[in-house]
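Residues per chain, in single letters:
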Amino acid sequence: MSNQLKNKSSLIMIMNSTFMDLPAPKNISFSWNMGSLLFLCLFIQIITGLLLASSYTPSMESSFFMVIFSMENINKNWLIRYIHANGASLFFICLYYHISRNIYYYSYMYMHTWFTGVTIFILTMATAFLGYVLPINQMSYWGASVITNLLSEVPYIGPNLIDLVWGSPSVNTPTIMRFFSFHFILPFIITALTIIHVALLHETGSKNPLGIKSTNNKYMFNPIFIFKDLFGFVAVSLIFMFICLIMPLTLGDDENFFNLNPYVTPIHIQPEWYFLFAYAILRSIPNKIGGIIALAASIFILYLLPYLHLAHLSSSFYPINKILFFLFIVDVSLLTWIGMSPVEPPYIFTGQILSVSYFSYYFCSPLINYYWEKFVLI
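Source: prediction; values computed, not measured.

### Notes on empty space enclosed by the protein
Item 1. Evaluation of the coordinates by the stated rule reveals three cavities of 30 Å³ or more.
Item 2. Here the largest cavity is characterised by a volume of approximately 120 Å³.
Item 3. Lining the largest cavity are 14 residues; nearest its centre among them are Tyr 106, Tyr 108, Tyr 361, Ser 365 and Pro 366.
Item 4. Counting residues per element, the ones that place at least two in the lining of the largest cavity are helix H12 (305-308) and helix H14 (347-375).
Item 5. The dominant element in the lining of the largest cavity, judged by the number of residues it contributes, is H14, at five residues.

Right under this line is the structure:
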């Protein structure tokens with residue numbers, strides 16, 4: 001009995017030191033609330049996803065009609081689906097904000113924490129894509145066909161990969177069953193990685209806007225930062241529920257309302273808005289294999305940031321970095337716009353210019369900051 005009490009008290013002490021008494025910098029702003037909001041988004045997606053999975057049928061013939069039937073006939077299922085669909089957008093808004101803040105303040109220098117975070121980002125993108133396909137409407141079917149066909153360009157094993165993913169001569173019921181299985185499993189893998197991510201963060205501590213490493217300029221996490229997180233929860237939840245209840249279809253595509261017709265290709269195939277910047281980079285390369293490499297590089301380049309870093313001070317000390325960073329944000333926003341535009345002049349050339357500037361930021365910003373530090377900050 002005494003051993004059980006000791007183990008229980010030890011567990012309570014670990015939890016308390018991890019979540020309550022954890023020292024956090026005094027000067028962190030609302031930008032540091034994104035981590036807790038992302039955990040809230042993950043929780044919402046898992047709960048609503050489990051509820052939706054109970055009334056879903058992975059079939060090419062009946063999935064679309066089953067989704068419509070469950071929304072119209074199962075109590076509050078329409079709200080659950082809208083929360084799940086718009087929750088993906090909220091997830092990526094918080095995720096992109098979180099990544100942007102870490103790039104701006106050089107938080108990627110905590111390498112292990114950064115690498116797990118980028119892995120979570122990639123798995124989240126995979127989960128979102130798989131979930132987007134599941135209703136089997138006109139846009140999701142053709143989107144799945146286009147994206148999975150990219151695997152055919154992998155040298156030597158491309159055709160085998162296509163057969164493995166499809167499970168049939170084309171996107172069909174076996175494909176949907178595989179997508180549904182992985183869409184169901186991946187969120188739990190993301191949850192496990194999130195726990196590892198938070199544990200690594202607590203081992204190194206958080207960055208702060210000034211980049212100062214100080215053990216004196218900190219508060220205990222409880223109660224100040226808990227109240228800040230709760231305020232963020234309430235504010236974001238109110239805005240989110242307003243969107244789900246008043247304008248739930250704002251971020252969707254009109255083609256999502258049409259059942260699958262494999263003989264009619266949509267005029268303009270495009271993914272959800274949170275993939276458009278990468279989709280624009282893919283389309284900007286005239287060569288198919290080159291486009292695939294550029295698409296993969298636009299995401300995996302995040303792993304290289306700690307190795308490309310040359311400066312020593314916080315980004316707050318580099319005025320040129322602020323200009324470059326916000327130009328980079330504008331560049332990604334314009335790529336998102338290009339991704340939803342037709343594949344015709346002048347959008348093709350504009351997308352190519354923006355794609356070059358996208359990759360240039362990752363290499364030019366460290367060099368400029370290095371020379372700024374060496375020759376200006378003396």
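### Description of the pattern of salt bridges
Item 1. This structure, assessed with the given rule, holds one salt bridge.
Item 2. With its nearest N and O atoms 3.7 Å apart, the salt bridge here joins Lys 288 to Glu 153. Linking Lys 288 in helix H11 (residues 288-300) with Glu 153 in the loop between helix H6 (138-149) and helix H7 (158-166), this pair joins segments that are 135 residues apart in sequence.
Item 3. Here Lys 288 falls in the partly exposed class, since its relative accessible area comes to 40%.

### Some details on unusual backbone geometry
Item 1. The linkage connecting Pro 345 with the following residue, Pro 346, adopts the cis geometry, with an omega of 0 degrees.
Item 2. For Pro 346, the position within the fold is in the loop between helix H13 (319-339) and H14.
Item 3. With a phi angle near 70 degrees, Tyr 156 is a residue other than glycine that sits in the positive phi range.
Item 4. Mapped onto the elements of the fold, Tyr 156 is located in the loop between H6 and H7.

### Side note on H7
Item 1. Regarding H7, the residues found buried are Gly 158, Ile 162 and Trp 166. Down the axis of H7, the sector holding all buried residues measures 60 degrees, keeping them to one side. Exposed residues on H7 whose side chains face more than 90 degrees from its buried face are Asn 160 and Leu 164.
Item 2. In this fold, the buried residues of H7 make contact with H6 and helix H8 (173-204).

Calculation notes
Residues numbered from 1 in each chain as written. Predicted model: local features only at pLDDT ≥ 70, side-chain atom pairs only at ≥ 80, totals over all residues. Heavy atoms only, no water. 1 Å grid on protein atoms, 1.4 Å probe; cavity = no way out; pocket = protein on both sides within 12 Å on 5 of 7 lines; lining within 4 Å. Points joined across faces, edges and corners; volume = space filled by probe spheres on them. Helix = DSSP H or I, 4+ residues; strand = E, 2+ residues; numbered from the N terminus. Salt bridge = Lys/Arg side-chain N within 4 Å of Asp/Glu carboxyl O. Buried < 20%, exposed > 50% of the residue type's maximum accessible area, 1.4 Å probe, protein only. Arc of directions from axis to C-beta. Contact = heavy atoms within 4.5 Å.

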